[in-house]
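# Fold and contact review
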Amino acid sequence: IKYKATPGRPPLPLGVRADGTLQGCDGVKPNCFSTEKLDGPDEDIELYSSYLIPRWVYTGPGGSQAAFEDIKAAIGGYKPGANNIDGGGFEVQKSDSTYLYVQFESKNHGYVDDMEFKVVESSGEGGACEVQVRSASRVGFLDLGVNSKRLNVIAASLPADRWETQPITPKTHGNYFALNGPYLV
């Protein structure tokens, strides 16, 4: 059966906020992960804990430029359809020296998910830098486990001797896995 593509509207706004960070997620919907919080007061840590992930840390030589090259290589090596996700492929929408925006598409329905990376120069010693990450579904309440799988696959493809990332698991994001659970097999 061929379904009509339903990419959904892009979330507004995408990109880097005035404070230099990516957007957070609508914490009510278990279909997004971000290293950053929404704008506004920090009143509900439980809301943030449903989608917040730690920033990825690059500790290798070459600083932010080398970190960005690793991220681009990980995206370039990503296999659509692996782990039963993104069978419709992906396309880089925007790339500059520190920001990368990629759209991923599901195979059957043409749903589009937005993924962003922002490399942040380190102010500390040793040349380590952080990478902000956001991956979100445009359509629906659940994401059927796609964003956690995608983030875990891309993080695992980064060279382990230069990167510190934390997998998204039922232990780190219990609510997400409880709601999306039947689809995470």
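Described in the following lines is the structure provided in the data block. A quick note: this is a predicted structure, and the numbers were derived from the prediction, not measured. (Residues numbered from 1 in each chain as written. Predicted model: local features only at pLDDT ≥ 70, side-chain atom pairs only at ≥ 80, totals over all residues. Heavy atoms only, no water.)

### Section: the overall build of the protein
Scanning the protein from N- to C-terminus turns up 4 helices and 7 strands. Written out in order from the N terminus, the α and β elements of the protein read β-α-β-α-β-β-β-β-α-β-α. The buried share of the protein, taken over its 185 residues, is 41%. Pairs at least 24 apart in sequence give 58% of the contacts found in the protein among residues at least 6 apart. Summed over its atoms, the accessible surface of the protein is roughly 9,700 Å², and 53% of this surface lies on carbon and sulfur atoms. (Helix = DSSP H or I, 4+ residues; strand = E, 2+ residues; numbered from the N terminus. Buried < 20%, exposed > 50% of the residue type's maximum accessible area, 1.4 Å probe, protein only. Contact = heavy atoms within 4.5 Å. Areas by Shrake-Rupley, 256 points an atom, 1.4 Å probe, with all protein chains shown as cover.)

### Structural notes on the state of the cysteines
Tallied over the full model, the rule gives 1 disulfide. There is a disulfide in this structure between Cys 25 and Cys 32, and the S-S distance comes to 2.0 Å. Here Cys 25 and Cys 32 share a disulfide; its torsion about the S-S bond, -65°, makes the bridge left-handed. Here Cys 25 matches Cys 32 in class, with each residue buried. (Disulfide = S-S within 2.5 Å.)

### A closer look at the side chain of Asp 143
Inspection of the secondary structure puts Asp 143 in the loop between strand S6 (129-137) and helix H3 (146-157). The side chain of Asp 143 sits in the buried core without any salt bridge; Arg 150 is the nearest counter-charge, 6.7 Å away. In terms of polar contacts, Asp 143 uses its side chain to reach the backbone amide nitrogen of Gly 145, at 2.7 Å. A polar contact of 2.9 Å, which involves the side chain of Asp 143, links it to the side chain of Asn 147. Beyond its immediate stretch of four places on either side in the chain, Asp 143 contacts Pro 30, Asn 31, Ser 137, Ser 148, Tyr 176 and Asn 180. (Lys, Arg positive; Asp, Glu negative; His and termini not counted. Salt bridge = Lys/Arg side-chain N within 4 Å of Asp/Glu carboxyl O. Polar contact = N/O pair within 3.5 Å; in protein donor to acceptor, adjacent residues only side chain to side chain.)

### Overview of the packing of aromatic side chains
The full count for this structure, using the stated rule, is 7 aromatic pairs. For the pair Trp 56 and Phe 117, a centre-to-centre distance of 5.9 Å together with 55° between the ring planes defines the contact as tilted. Of this pair, Trp 56 sits in strand S2 (residues 56-58) while Phe 117 sits in strand S5 (residues 112-120), and the two are 61 residues apart along the sequence. Overall, Trp 56 belongs to the buried group, its relative accessible area being 2%. Residue classification places Phe 117 among the buried residues on the basis of a relative accessible area of 0%. Seen from their ring centres, Tyr 176 and Phe 177 are 5.3 Å apart, and the 75° between their planes marks the pair as edge-to-face. Both residues of the pair, Tyr 176 and Phe 177, count as buried. In textbook terms, an aromatic cluster arises when at least three aromatic residues are bridged by ring pairs, as seen for Phe 33, Tyr 176 and Phe 177. (Phe/Tyr/Trp six-rings, centres within 6.5 Å; stacked < 30°, edge-to-face > 60°.)

### Observations concerning the pairing of S5
The buried fraction of S5 amounts to 8 of the 9 residues, a majority that puts the element mostly inside the structure. The hairpin formed by strand S4 (residues 99-105) and S5 contains 6 residues between the paired strands, and Gly 110 there has a positive phi angle of roughly 70°. For S5 and S6, the ladder comprises 8 bridges, and the chain directions are antiparallel. Paired with Met 115 across the bridge in S6 is Ser 135. (Pairing = 2+ DSSP bridges.)

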